[in-house]
Structures are given as C-alpha cells and as structure tokens.
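Here is what each chain is made of, one letter per residue.
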Amino acid sequence: MSRNSVIQQPFMLYKGLPRDIFFIFIARIVSSVGHFVFPFMTLVLTDKMGLSAKETGTFMLMTTFAFIPGSLLGGKLSDT
C-alpha cells in the first residue's frame, strides 16, 4: 500500500458528496476560527492594554451581545 493511498483512504467516504456540503464545511471552519478570537482578545485587553478583569468582562459581554443579532442577520442574509 502506497503512502498516498493510506492518506487518501479515509477521505474516499466523502468523495460522492454534493459541492454544497464542502462549502458548508469550509464556512464552518472559517466561523470557528473567527470564534477563536475571543480568548485572544481577552488576553490582549488585560495584559497589553491594562484593563481590569471587570472591564474586560464587560467589554466581552457587550461584544457577545452584539454578536447575537449580527449572527441572526448574517444567517438571514445568507439564506436569501
């Protein structure tokens, strides 16, 4: 068994899927990477910018509350 076939074998299961499934997969990856920003933003706000834990928590709470309607609007726009 060649090295390429060992790497390609697990992915053969997904070969017949529609293109839309792959686009959804890529969109989920990009979205997940975007969500990974929040822990780093917390560290930057506290360590580099000198905000207190309470100020950082308040800022992150406001960011999360702003994310909710933005996510709903983005979902609606992508559906249309």
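Structure shown above.
Residues numbered from 1 in each chain as written. Predicted model: local features only at pLDDT ≥ 70, side-chain atom pairs only at ≥ 80, totals over all residues. Heavy atoms only, no water.

Points about the overall build of the chain
- A count of helices and strands for the chain gives four helices and zero strands.
- In sequence order, the chain lays out its α and β elements as α-α-α-α.
- Its C-alpha atoms give the chain a radius of gyration of 20 Å, more than 25% over the compact-globule value 12 Å for 80 residues.
- Dimensions of the chain, computed from C-alpha atoms along their principal axes, come out at roughly 55 × 40 × 10 Å.
- When the 80 residues of the chain are sorted by exposure, 4% land in the buried category.
- Approximately 7200 Å² of the chain is accessible, and the part contributed by carbon and sulfur atoms is 71%.
- Distance between charge centroids for the chain: 11 Å, based on 7 positive and 4 negative side chains. (Helix = DSSP H or I, 4+ residues; strand = E, 2+ residues; numbered from the N terminus. Rg over C-alpha atoms; globule rule 2.2 N^0.38 Å. Buried < 20%, exposed > 50% of the residue type's maximum accessible area, 1.4 Å probe, protein only. Areas by Shrake-Rupley, 256 points an atom, 1.4 Å probe, with all protein chains shown as cover. Lys, Arg positive; Asp, Glu negative; His and termini not counted. Charge placed at Lys NZ, Arg CZ, Asp CG, Glu CD.)

Observations regarding the environment of L43
- Tracing the chain through its elements places L43 in helix α3 (residues 37–48).
- In the structure, L43 is positioned 13 residues away from T56 in sequence and 9.1 Å away in space, judged by C-alpha atoms.

Thoughts on α3
- For α3, which comprises twelve residues, the first-to-last C-alpha distance of 15 Å matches the rise-based estimate of 16 Å (1.5 Å per residue) to within 8%.
- Among the residues trailing α3, G50 stands out with phi positive, at a value near 75 degrees. (Expected span 1.5 Å × (residues − 1).)

With respect to the side chain of T56
- As for its position among the elements, T56 is in helix α4 (residues 53–79).
- Its relative accessible area of 3% is what places T56 among the buried residues.

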